[in-house]
Amino acid sequence: ILVCVAQLRQGNPLAGLVCVGNRDGAFHAATEDTLTRVALMGVPIVKLAQRDAMPVNHDDVFVEAGVLSPAAAKRVLAECLARYGAPPVAADAAHPTARELAATRAKLSLYQSRFDAANTTQVAMH
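Quick summary incoming for the structure in this document. (Residues numbered from 1 in each chain as written. Predicted model: local features only at pLDDT ≥ 70, side-chain atom pairs only at ≥ 80, totals over all residues. Heavy atoms only, no water.)

1. Brief notes about the sheet that holds strand 3 (residues 63–64)
Adjacent strands of a sheet form backbone hydrogen bonds with each other and so pair up, either parallel or antiparallel.
No. 1: The sheet built from three strands is open, its strands ordered 1-2-3 with parallel pairing. Each edge of the open sheet carries a strand with a single partner, namely strand 1 (17–20) and strand 3.
No. 2: Here strand 1 pairs with strand 2 (residues 45–48) via four bridges, running parallel. When the bridges of strand 2 are listed, C19 appears paired with K47. (Pairing = 2+ DSSP bridges. Helix = DSSP H or I, 4+ residues; strand = E, 2+ residues; numbered from the N terminus.)

Written out as structure tokens, the structure is:
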């Protein structure tokens with residue numbers, strides 16, 4: 001994952017990932033740890049579940065996409081990157097400071113608000 005992200009960022013500094021977990025949105029522990037590290041490197045991670053919407057967890061550094069499809073999540077992520085810019089980069093993504101975590105979470109809360117709005121629209125359209 002880290003090598004792919006490095007290659008992705010070389011071509012576009014405003015890059016993000018849409019990741020689909022199992023039916024409940026969970027990932028293997030090692031994958032979750034790596035995605036957390038990537039998020040702290042300034043790459044927003046949008047998580048999707050295969051079946052149901054995942055609850056928003058304000059203690060992590062991810063954006064939960066709710067019931068959006070992967071294509072819709074990709075579109076909203078691109079809008080967020082263009083509108084809000086990339087999240088801040090921790091000096092040491094493996095050991096972020098409390099201030100770095102707070103800054104990342106603050107930026108991602110903007111993203112989460114946009115995803116929440118997109119989910120409201122999606123539900124209203126059904």
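Now, onward.
2. What to know about the pairing of strand 2
No. 1: By the alternation rule, side chains of strand 2 split into I45 and K47 and V46 and L48, which are all buried.
No. 2: The handedness of the strand 1 to strand 2 crossover, carried by helix 2 (residues 29–39), is right-handed.
No. 3: Bridging between strand 2 and strand 3 involves two bridges; their strand directions are parallel. Across the sheet, residue V46 finds its bridge partner in strand 3, namely V63. (Buried < 20%, exposed > 50% of the residue type's maximum accessible area, 1.4 Å probe, protein only. Right-handed = clockwise from strand over helix to strand, strands pointing away.)

So far we have only geometry, and geometry alone does not tell us how the molecule works.
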